[in-house]
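Chain by chain, the residues:
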Amino acid sequence: MSFMKSFWMSLMLASATTASDKPNVVLLYADDLGYGDVSCYGSKTISTPHIDKLAAEGLRFTDGHCAAATCTPSRFAMLTGEYAFRQKGTGVLPGDAKMIIPPSRDTMATVFKKAGYHTGVVGKWHLGLGDKEVDWNTEIRPGPLEIGFDHCFIMAATGDRVPCVFVEDHRVVGLDPADPIQVSYKQPFPGEPTGKDNPELLRMHPSHGHDMAVLNGVSRIGYMKGGKSALWKDEDMSDTFTAEAVKFIESSKAAPFFLYFAAHDPHVPRVPHPRFTGKSGMGPRGDAILQFDDNVGTILAVLDRLGLRENTLVLLSSDNGPVVDDGYQDDAVEKLGSHQPAGPLRGGKYSAFEGGTRVPFIVRWPGKVKPGVSDALVCQVDFPASFAALTGQKAPESAKDSQNLLPALLGEDSAGRKELVEQGGPVSLRQGVWKFIPTSQGPAKNKNTNSETGNFPEPQLYDLSQDLGERQNLAKSQPERAQSMAADLEKARVG
Ligand code: NG6
Ligand code: CA
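All values derive from a computational prediction rather than experimental measurement.

K.L.:
So what exactly am I meant to see when it comes to the coordination of the calcium ion (ligand 2) here?
P.N.:
Octahedral six-donor coordination of a metal ideally yields angles of 90 or 180 degrees, compared with 109.5 degrees for tetrahedral four-donor coordination. For the calcium ion (ligand 2), the protein coordination sphere consists of Asp31 (OD), Asp32 (OD), Asp319 (OD), Asp319 (OD) and Asn320 (OD1), at 2.2 to 2.7 Å. Coordination at the calcium ion (ligand 2) comes from six donor atoms whose angles at the metal span 52 to 173 degrees, giving a geometry best classed as irregular. Counting the intervening residues between successive donors of the calcium ion (ligand 2) yields the motif D-D-x286-D-N. Placement of Asp31 in the loop between β1 (24–30) and α2 (49–57) and of Asn320 in the loop between β13 (312–318) and α7 (354–357) is noted, with a sequence separation of 289 residues between them. Each of the two residues, Asp31 as well as Asn320, counts as buried.

K.L.:
How should I be thinking about the pattern of salt bridges in this particular structure?
P.N.:
Side chains that differ in charge, positive against negative, can pair when their charged atoms come close. Considering all chains together, one arrives at 39 salt bridges under this definition. Residue Arg346 pairs with Glu452 through a salt bridge whose shortest N-O separation is 2.8 Å. Pair noted here: Arg346 is in the loop between β13 and α7 and Glu452 is in strand β21 (residues 451–452), with a separation of 106 residues, a long-range link. One connected set of salt bridges, linked through shared partners, spans Asp63, Glu354, Arg358, Glu422, Arg430, Lys435 and Glu470.

K.L.:
So what exactly am I meant to see when it comes to the sheet that holds strand β15 (residues 372–374) here?
P.N.:
Remark on secondary structure: sheet strands pair via backbone hydrogen bonds, oriented parallel or antiparallel. An order of β7-β6-β5-β4-β12-β1-β13-β14-β2-β15 is seen for the 10 strands of this open sheet, with the pairing classed as mixed. Pairing within the sheet leaves two strands with one partner each, and these edge strands are β7 (171–172) and β15. Pairing of strand β6 (residues 166–168) with β7 involves two bridges; the strand directions are antiparallel. Counted as the bridge partner of Glu168 is Arg171 from β7. Against the sheet, α2 touches β2 (59–61), β13 and β14 (362–364), its axis set at about 65 degrees to β14.

K.L.:
Explanation requested: the pairing of strand β19 (residues 434–437) in the structure shown.
P.N.:
Looking along a regular strand, one sees side chains alternate from face to face of the sheet. Because side chains alternate across β19, one face comprises the buried residues Trp434 and Phe436, and the other comprises Lys435 and Ile437, equally buried. Note: strand β18 (residues 427–431) against β19, three bridges, orientation antiparallel. Looking across to β19, one finds that Arg430 is bridged to Lys435. Taking the residues between adjacent antiparallel strands as the criterion, β18 and β19 are bridged by two residues, where Gly432 takes a positive phi near 55 degrees. Two strands pair when backbone bridges link them, and β19 and strand β22 (residues 460–463) are joined in this way by four bridges, in the antiparallel orientation. Residue Lys435 lies in a different strand from β22, and its bridge partner there is Tyr462.

Conventions we followed
Counting starts from 1 at the beginning of each chain's written sequence and moves along it residue by residue. Chain letters and ligand numbers both follow the written order, the letters beginning at A and the numbers at 1. In view of the model being predicted, local features appear only for residues whose pLDDT reaches at least 70, and side-chain atom pairs are presented and counted only at 80 or more, with totals across whole chains, interfaces and linings using the full set of residues. Only heavy atoms go into the side-chain values, all of them from the structure, while hydrogens and water stay out. Sites may look incomplete because water is not among the atoms; the donors themselves are N, O and S atoms within 2.8 Å of the metal, or within 3.2 Å for Na, K and Ca. For four-coordinate sites, all angles between 85 and 135 degrees define a tetrahedron; for four- and six-coordinate sites, opposite donors beyond 155 degrees with the remaining angles between 65 and 115 define square planar and octahedral shapes respectively, and all other cases count as irregular. The numbering of helices and of strands both runs from the N terminus, where a helix is a DSSP run of H or I of at least 4 residues and a strand a run of E of at least 2. We call a residue buried when its accessible area falls under 20% of the maximum for its residue type, exposed when it is over 50%, and partly exposed in between, using a 1.4 Å probe and counting protein chains only. Counted as salt bridges are all cases of a side-chain nitrogen of Lys or Arg within 4 Å of a carboxyl oxygen of Asp or Glu. Note: two strands are recorded as paired if DSSP finds a minimum of 2 bridges between them. Any two residues having at least one pair of non-hydrogen atoms within 4.5 Å are treated as being in contact. Orientation is described by lines fitted to C-alpha atoms, with helices fitted over the stretch in contact, and by angles between N-to-C directions that extend from 0 to 180 degrees.

What follows is the structure, given as C-alpha cells:
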C-alpha cells in the first residue's frame with residue numbers, strides 16, 4: 001500500500017472512530033417519577049408506550065438509583081459526582097436561593113464541554129442561581145452557563161415555587177422592564193393576592209403549604225410581584241420545554257452534544273396540557289406522567305428524523321421516588337385506585353426505603369448497548385466519572401463519590417457498584433443485596449404526604465433478594481452484618 005493511501009485510510013478510520021467514540025448524550029430526566037409509574041417496570045395501571053419502547057431498545061436497570069430522595073441533593077450529586085449529605089445547604093432550595101455549585105467546580109456538563117461537546121440544559125434547575133440575592137430584572141449569574149452548559153432554558157426551582165418565569169441563559173424570558181419582578185420568601189407584597197387570603201382565586205387548592213402567591217389560579221411557595229408578561233402558563237410548560245429541547249438538538253447537530261432535559265412532570269402542581277386531561281383515569285398526576293412519556297416520544301422522534309438515533313446515547317431516569325399528595329388537592333389520592341407509584345418497593349419521595357431512590361433507569365445506544373435487563377447497582381452520582389470515561393477523559397477530581405460505571409451502563413458488567421449510600425431522610429447503605437438503615441429518630445410517617453420516612457428507633461437490615469419490600473428486619477438475627485454495615489456507613493458518611 002502506498003504511503004498516501006495508508007495515510008488517507010488511517011485518517012478515515014480515525015474520523016469514523018471519533019464519530020462513534022463521541023456519541024451525543026441525551027439525559028431525559030423526570031421529576032418525582034416512581035419505579036412503578038411506567039409500564040415497562042411492570043405497572044398494569046398506566047401505559048407509557050414511548051418509555052417502554054426506549055427500554056425495549058435499550059437496557060433497563062432494575063436497581064438504578066438517584067442519589068437522594070428529594071430533588072436538590074439528588075441533582076447536586078448527579079451534577080458534581082459528590083454525595084450531597086456531607087454538604088450544608090443542599091436540601092430542597094427555595095426559588096431565590098444562591099447557586100450551590102460554585103463556578104470553579106467540575107460537573108457532568110464541564111466533562112462534556114472539555115471533550116468538545118455542545119452542552120445544554122432545559123427544564124427544572126433547582127440548584128440555585130446567582131452568588132448574592134438575585135435581581136430577576138438584570139443578568140442572572142452564575143447559573144448553568146458558569147458550570148459547563150453552553151445554553152440553558154430553565155425554571156429556577158420548581159413549579160410550586162416563585163418566581164414562575166423561565167430563565168434563558170442569563171435573562172428572564174419575556175420580561176417587560178416596565179413591570180419588574182420582585183420575589184420574597186419572607187413576606188407578602190401588600191395588595192398581591194395569596195392562597196391563604198384569597199382561596200376564591202384558586203382552581204387548585206393546597207392540601208398542605210403552598211398558600212402564598214397566587215399565579216395562574218394556583219397558590220405557590222413564596223411571594224412574587226410583577227413580571228406579568230413573563231409568567232409561565234403551567235399547562236404549556238412541558239410543551240415549552242420540549243420545544244426548547246428540540247431546538248437545542250437541531251442547532252447542535254454539527255458537533256457532539258449533551259442535552260440534560262429536566263422535565264417537571266409529575267411534580268406538583270400537576271397541571272398538564274388539556275390534551276392529556278382525563279387520559280390516565282388517575283387525575284392530573286397520571287395525566288402528567290403521560291405528558292412526560294409524550295415528551296420522550298417527541299424528543300426521540302427528532303433524533304430519528306435527524307438521523308442521530310445510532311450515534312446518540314439516551315438515558316432516562318428520575319430525580320427521586322414518587323409521592324401522591326405533595327401539597328395540592330389534585331385528586332391524586334382519590335383516583336389512585338390500585339396504582340402503586342413505587343411498584344413493589346417500600347416508601348417513596350422523602351424516604352430511606354428503596355422507593356426513595358430506586359427509580360426508572362434506562363440506557364439506549366443502538367448497536368452498542370445490547371437490549372435487555374440489568375440488575376447492576378448503578379447511581380446517577382456516577383454520571384460524571386462515567387461520562388468522563390465515555391469521552392476518553394479522567395474523572396474530575398472533585399467528583400469523589402462518582403465511579404466509572406460505564407461498563408455497567410453499557411451492559412458489559414452485570415454487577416455495578418459494590419456499595420451505595422442512599423440519602424432518604426436517614427442516610428442508608430446498600431452492599432449488594434443488603435440494605436442497612438441506621439437508628440433514626442423522627443416520625444415513621446410523614447403525616448402531610450402520608451408516606452413512610454424510614455425512620456425507626458432501631459437499626460434496620462433487609463435482604464432485598466428475598467424481601468424487596470423491606471418488611472423483614474434482620475438486624476437482630478444478623479447482628480454482625482448490621483454492625484459491619486453500620487461501621488461502613490459511618491466511613492462513607494465522612495467520605
Ligand atoms: C416540599 C414541598 C413539596 C415539593 C418539595 C420539593 C411543601 C409543603 N411541600 O417542601 O410540594 O415542592 O418540597 O420537591 O411545601 S422536589 O422534588 O423539588 O424535591
Ligand atoms: Ca423531585
